[in-house]
Amino acid sequence: MGPLDALGHLLNLFLPALLLAAIAAALAKLVWRRQLGGIGWRRLATPAAAACAVVTLAGLVILGRDGRMATYAAMVVACALTLWWRGFGPGRG
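Residues numbered from 1 in each chain as written. Predicted model: local features only at pLDDT ≥ 70, side-chain atom pairs only at ≥ 80, totals over all residues. Heavy atoms only, no water.

Draft legend 1. Focus on the overall build of the protein. Regarding its fold elements, the protein presents 3 helices and 0 strands. Taken along its principal axes, the extent of the C-alpha atoms in the protein is 50 × 25 × 20 Å. Residues counted as buried form 28% of the 93 residues belonging to the protein. Summing over all exposed atoms, the protein offers an accessible surface of approximately 6,100 Å²; the carbon and sulfur share of this is 71%. (Helix = DSSP H or I, 4+ residues; strand = E, 2+ residues; numbered from the N terminus. Buried < 20%, exposed > 50% of the residue type's maximum accessible area, 1.4 Å probe, protein only. Areas by Shrake-Rupley, 256 points an atom, 1.4 Å probe, with all protein chains shown as cover.)

Following this line, the structure appears as structure tokens:
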């Protein structure tokens, strides 16, 4: 496997995590316009993407391969909890 193949594999590994965080942060800002008006999209999406990436790696290590439905379910939960923490919880500051 060459360097471009390795880069492609890494991008494909983390792309679902990044897209989930980006879409979820945008939808959260759309649905809760007033409550999240003072918080920037990037401030919501960055920690959510990091949490999703950690869950992706944990799923790969624990389950032995990526793309398992349990990993995706855990990724959704981690993303939702992170968005709540940054948007409404103690991490809002």
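The structure having been displayed, the exposition proceeds.
Draft legend 2. Quick look at the nonpolar core. With 17 residues, the main nonpolar core has L44, C79 and L83 as its most contacted residues. Elements with a contribution of two residues or more to this core: α1 (3–31), α2 (41–63) and α3 (69–87). For this core, the element with the highest residue contribution is α2, accounting for 6 residues. Every residue in contact with L83, bar those within four places of it in the chain, is listed here: A24, A25, L44, A48 and F88. (Core = buried A, V, L, I, M, F, W, Y, C linked by side-chain atoms within 4.5 Å. Contact = heavy atoms within 4.5 Å.)

Draft legend 3. Molecular detail of a nonpolar patch on the surface. Together, L15, L19, I23, L27, L30, V31, W32, W84, W85 and F88 give the surface a local cluster of nonpolar side chains, amounting to about 1,000 Å² of exposed area. The set of elements that each furnish at least two residues to the nonpolar patch consists of α1 and α3. Take the nonpolar patch: its biggest share by element is 6 residues, from α1. Considering the arrangement of structural elements, one finds L27 in helix α1. (Patch = residues over 30% accessible without salt bridge, like charges linked within 9 Å, V, L, I, M, F, W, Y side chains within 5 Å. Salt bridge = Lys/Arg side-chain N within 4 Å of Asp/Glu carboxyl O.)

Draft legend 4. Broad picture of the layout of surface pockets. By volume, the largest pocket is sized at about 170 Å³. Taken together, L20, A24, A28, W32, L36, L44, V76, C79, A80, L83, W84 and F88 form the lining of the largest pocket. Sorting the residues of the lining of the largest pocket by element identifies α1 and α3 as the ones contributing at least two each. The greatest single-element share of the lining of the largest pocket, amounting to 5 residues, is contributed by α3. A per-class count over the lining of the largest pocket returns 12 nonpolar, no polar and no charged. (1 Å grid on protein atoms, 1.4 Å probe; cavity = no way out; pocket = protein on both sides within 12 Å on 5 of 7 lines; lining within 4 Å. Points joined across faces, edges and corners; volume = space filled by probe spheres on them. Nonpolar A, V, L, I, M, F, W, Y, C, P; charged D, E, K, R; others polar.)

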